[in-house]
Amino acid sequence: MTARDGEDKTSWPLGEVLRRARDDKGWSQEDAAQKARFSRTSWQQLESGRRADRKPFRPKADTVINAALAVDVDPREALVLAKLDPTRYEPARAGRPTATVTEVRELVMRLTEEQRQAVVNLIRSFTEPAPPSAPATAEAYRHNSTLNTRKRPRETDPD
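All chains use their own residue numbering, which begins from 1 and follows the written sequence. Owing to the predicted nature of the model, reporting of local features is limited to residues with pLDDT of at least 70; listing and counting of side-chain atom pairs is limited to 80 or more, with chain, interface and lining totals taken over all residues. Calculation of side-chain values draws on the structure's entire complement of heavy atoms; hydrogens and water are dropped beforehand.

## Let's talk about the packing of aromatic side chains
- The aromatic pairing rule takes the rings of Phe, Tyr and Trp, using the six-membered ring of Trp, and pairs them if the centres are within 6.5 Å, calling planes under 30 degrees apart stacked, those over 60 edge-to-face and the rest tilted. This structure, assessed with the given rule, holds one aromatic pair.
- Aromatic side chains Phe38 and Trp43 sit 6.0 Å apart centroid to centroid with 25° between the ring planes, which places their arrangement in the stacked category. The same class applies to Phe38 as to Trp43, namely buried.
- The ring of Trp27 carries the charged tip of Lys25 above its face, separated from the ring centre by 5.2 Å. Between buried and exposed lies partly exposed: a residue is buried under 20% and exposed over 50% of the maximum accessible area for its type, with that area taken using a 1.4 Å probe on protein chains only. Any Lys NZ or Arg CZ that is within 6 Å of a ring centre and within 35 degrees of that ring's normal is treated as a charge sitting over the ring.

Here is the structure:
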């Protein structure tokens, strides 16, 4: 690890911990960044403690938490090493933050037109108020979904 200008190597201990954890998994920086859902450049900055312009990198708590979870490092320890408040990690909300718009868009683009319509209907059920006479959201989705297009076999008369 490269030391920051005028600082010793131990001034950014988070980078060394992340690098070791990543190496133990046999992952490249690209692999670790993908698992944490951010760019390889951001991962490089986390490990080096420097931005591309050589200024100190000051990551947000969420970035540190996601990086730690990606390589199985205790998020509280990672926050302490980054000189951030370790109480920012709430295990009840552990994991990645909600999906990004880009991620949702990429997933939706893989769907068929029927599947996209079903997703739109589902999202609308969450965002638009239902009329008082409407069935519960789950029930409405189950009955109106176009995702499940399997036809039931016809019952035959025992004539």
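## Some points on unusual backbone geometry
- Positive phi, close to 65°, is recorded for Arg37, a residue that is not glycine.
- Among the structural elements, Arg37 can be located in the loop between helix 2 (29–36) and helix 3 (40–48).
- For Arg37, a relative accessible area of 44% gives the class partly exposed.
- Positive phi is not limited to glycine here, since Lys83 has a value of about 60°.
- The way it works is that DSSP assigns letters per residue, a run of H or I at least four long becomes a helix, a run of E at least two long becomes a strand, and they are numbered from the N terminus. For Lys83, the location among the structural elements is in the loop between helix 5 (75–81) and helix 6 (101–109).

## With respect to the nonpolar core
- Leu14, Leu18, Trp43, Leu46, Val64, Val71 and Val73 are the most contacted members of the largest nonpolar core, which totals 25 residues.
- Residue assignment for this core shows that the elements contributing at least two residues are helix 1 (13–25), helix 2, helix 3, helix 4 (61–70) and helix 5.
- Among the elements that take part in this core, helix 4 stands out by supplying six residues, more than any other. By nonpolar core we mean a set of buried residues, namely Ala, Val, Leu, Ile, Met, Phe, Trp, Tyr and Cys, connected to one another through side-chain atoms within 4.5 Å.

## Regarding helix 1
- With 13 residues, helix 1 extends 19 Å between its outermost C-alpha atoms, agreeing within 8% with the 18 Å of an ideal straight helix rising 1.5 Å per residue.
- Residues of helix 1 that are buried: Leu14, Gly15, Val17, Leu18, Ala21 and Arg22. Projection of helix 1 onto a plane perpendicular to its axis shows the buried side chains occupying an angular sector of 165°, all on one side.
- In this fold, the buried residues of helix 1 make contact with helix 2, helix 3, helix 4 and helix 5.
- Positive phi shows up at Gly26, right after helix 1, with a value of about 75°. To estimate how far a helix should reach, multiply one less than its number of residues by 1.5 Å. The directions considered for the arc are those from the helix axis to the C-beta atoms. What makes two residues a contact is simply this: any of their non-hydrogen atoms within 4.5 Å.

## Observations concerning the confidence of the model for the protein chain
- Summary of the metric used: pLDDT quantifies the predictor's per-residue confidence within the range 0 to 100. Mean pLDDT over the protein chain works out to 78, with 69% of the residues at or above the 70 mark.
- Per-element confidence in the protein chain is highest for helix 1, whose mean pLDDT is 95, and lowest for helix 8 (residues 137–144), whose mean pLDDT is 54.
- Here residues 1–10 is modelled with pLDDT under 50, and outside its nearest four sequence neighbours on either side it reaches 18 contacts, counting other chains as well.
- This stretch, residues 146–153, has a pLDDT under 50; its non-local contacts, to residues over four places away or in other chains, come to six contacts.

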